[in-house]
Amino acid sequence: MTEQKWLLAEKPSETDIQNLADSINVTPALAQILIQRGITDFESAKSFFRPNLDELHDPFLMKDMDLAAERLAKAIDQEENILIYGDYDVDGTTSVSLMYSFLKHWTSKLDYYIPDRYKEGYGISKQGIDHAIESGVNLLVTLDCGIRALELTAYAQENGIDVIICDHHKPGDE
């Protein structure tokens, strides 16, 4: 395993910190963090905290996003059962909450699943897939998990469930 080290940005000057803190009405501690991330003035802070849609990255740069969007649209149009599945950690539960909150405006055929931390652990679990099968799910959307769950994804597909995996973790060789 390679050794990894944190690289800390140099502390900005107290004047720069106070100027940014005053201009955007935040604490000096937050202003320092923002400056260390390249946010040094009112306009860049405004863009960071209140971005316009045209400032966001194109989501279709993500691999197979077109296929995922088409499959999700089909599930909504054909009133298929959709299960949003995410890990129990902060990024997993937040992702599930956001996706569920958005999709509930488009379909009532929607449920979510957060695995039990102690019984199922991280990632997609067989219990979770079995829950999807028993619930008549047609489409499983995983958030924050699933990138390495090849066998469990195959198990879901063998049981008639299509799977969309949205995960920021590193994939394996496959």
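Residues numbered from 1 in each chain as written. Predicted model: local features only at pLDDT ≥ 70, side-chain atom pairs only at ≥ 80, totals over all residues. Heavy atoms only, no water.

1. Side note on the pattern of salt bridges
Reasoning step 1: Applying the stated criterion across every chain, the model contains 6 salt bridges.
Reasoning step 2: A salt bridge links Glu3 to Lys5, with the shortest nitrogen-to-oxygen separation between them at 4.0 Å. Lys5 shares its class with Glu3; the two are exposed.
Reasoning step 3: Note that Asp64 and Lys63 form a salt bridge whose closest N and O atoms lie 3.1 Å from each other. (Salt bridge = Lys/Arg side-chain N within 4 Å of Asp/Glu carboxyl O. Buried < 20%, exposed > 50% of the residue type's maximum accessible area, 1.4 Å probe, protein only.)

2. Examining the side chain of Glu120
Reasoning step 1: Checked against the element boundaries, Glu120 lands in the loop between strand 2 (110-113) and helix 6 (126-134).
Reasoning step 2: Buried charged residue Glu120 carries no salt bridge. Nearest counter-charge: Lys119, at 7.7 Å.
Reasoning step 3: For Glu120, the residues in contact, after removing those within four places along its chain, are Tyr85, Tyr113, Pro115, Ser125, Gln127 and Gly128. (Helix = DSSP H or I, 4+ residues; strand = E, 2+ residues; numbered from the N terminus. Lys, Arg positive; Asp, Glu negative; His and termini not counted. Contact = heavy atoms within 4.5 Å.)

3. Considering helix 2 (residues 28-36)
Residues spaced three or four apart along an α-helix face the same direction, because each turn holds 3.6 residues.
Reasoning step 1: When helix 2 is considered as a whole, its buried residues turn out to be Ala31, Leu34 and Ile35. For helix 2, the arc enclosing every buried residue in end-on projection is 100°, short of the 170-degree limit, so these residues lie on one face.
Reasoning step 2: Next to the buried residues of helix 2 lie helix 1 (14-24) and helix 3 (42-49).
Reasoning step 3: Positive phi appears at Gly38, one or two residues downstream of helix 2, with a value of about 90°. (Arc of directions from axis to C-beta.)

4. With respect to the environment of Gln78
Reasoning step 1: Here Gln78 is to be found in the loop between helix 4 (65-77) and strand 1 (82-86).
Reasoning step 2: Its relative accessible area of 52% is what places Gln78 among the exposed residues.
Reasoning step 3: As a C-alpha pair, Gln78 and Val141 span 63 residues in sequence and 16 Å in three-dimensional space.

5. A short note on unusual backbone geometry
Reasoning step 1: In this model, Asp64 sits at a positive phi of 60°, which is unusual for a non-glycine residue.
Reasoning step 2: Looking at Asp64, the relative accessible area reads 38%, which means it is partly exposed.
Reasoning step 3: A positive phi is found at Asp144, a non-glycine position, where the angle reads about 70°.
Reasoning step 4: With respect to the helices and strands, the residue Asp144 is situated in the loop between strand 3 (139-143) and helix 7 (150-158).

6. Details of the pairing of strand 3
Reasoning step 1: Within strand 3, 5 of the 5 residues are buried, which leaves it mostly tucked inside the rest of the structure.
Reasoning step 2: What you see with strand 3 is no split at all: Leu139, Val141 and Leu143 on one side and Leu140 and Thr142 on the other are buried throughout.
Reasoning step 3: Sheet topology places strand 1 next to strand 3; 5 bridges connect them, and they run parallel. Residue pairing for strand 3: Ile82 is matched across the bridge by Leu139.
Reasoning step 4: Summarising the sheet, strand 3 and strand 4 (residues 162-166) pair through 5 bridges and their orientation is parallel. (Pairing = 2+ DSSP bridges.)

7. What about the packing of helix 6 against helix 7?
Reasoning step 1: Closest axis-to-axis distance for the helix 6/helix 7 pair is 10 Å, and the angle between their directions is 15°. The pairing of helix 6 with helix 7 is recorded here as roughly parallel in orientation. The way helix 6 lies across helix 7 gives a crossing that is right-handed. Where helix 6 approaches helix 7, its residues Lys126, Ile129, Asp130 and Ile133 are matched on the opposing element by Leu152, Tyr155 and Ala156. (Axes fitted to C-alpha atoms, helices over the stretch in contact; angles between N-to-C directions. Parallel < 35°, antiparallel > 145°, perpendicular 65-115°, else oblique. Left-handed = near helix turned anticlockwise from the far one by under 90°.)

8. Some points on the environment of Gln36
Reasoning step 1: For Gln36, the location among the structural elements is in helix 2.
Reasoning step 2: Residue contacts for Gln36: discarding those within four places in its chain leaves Ala9, Glu10, Lys11 and Pro12.
Reasoning step 3: Among the polar contacts listed, one links the side chain of Gln36 to the backbone oxygen of Glu10, at a separation of 3.5 Å. (Polar contact = N/O pair within 3.5 Å; in protein donor to acceptor, adjacent residues only side chain to side chain.)

Keep in mind these values describe shape, not function.
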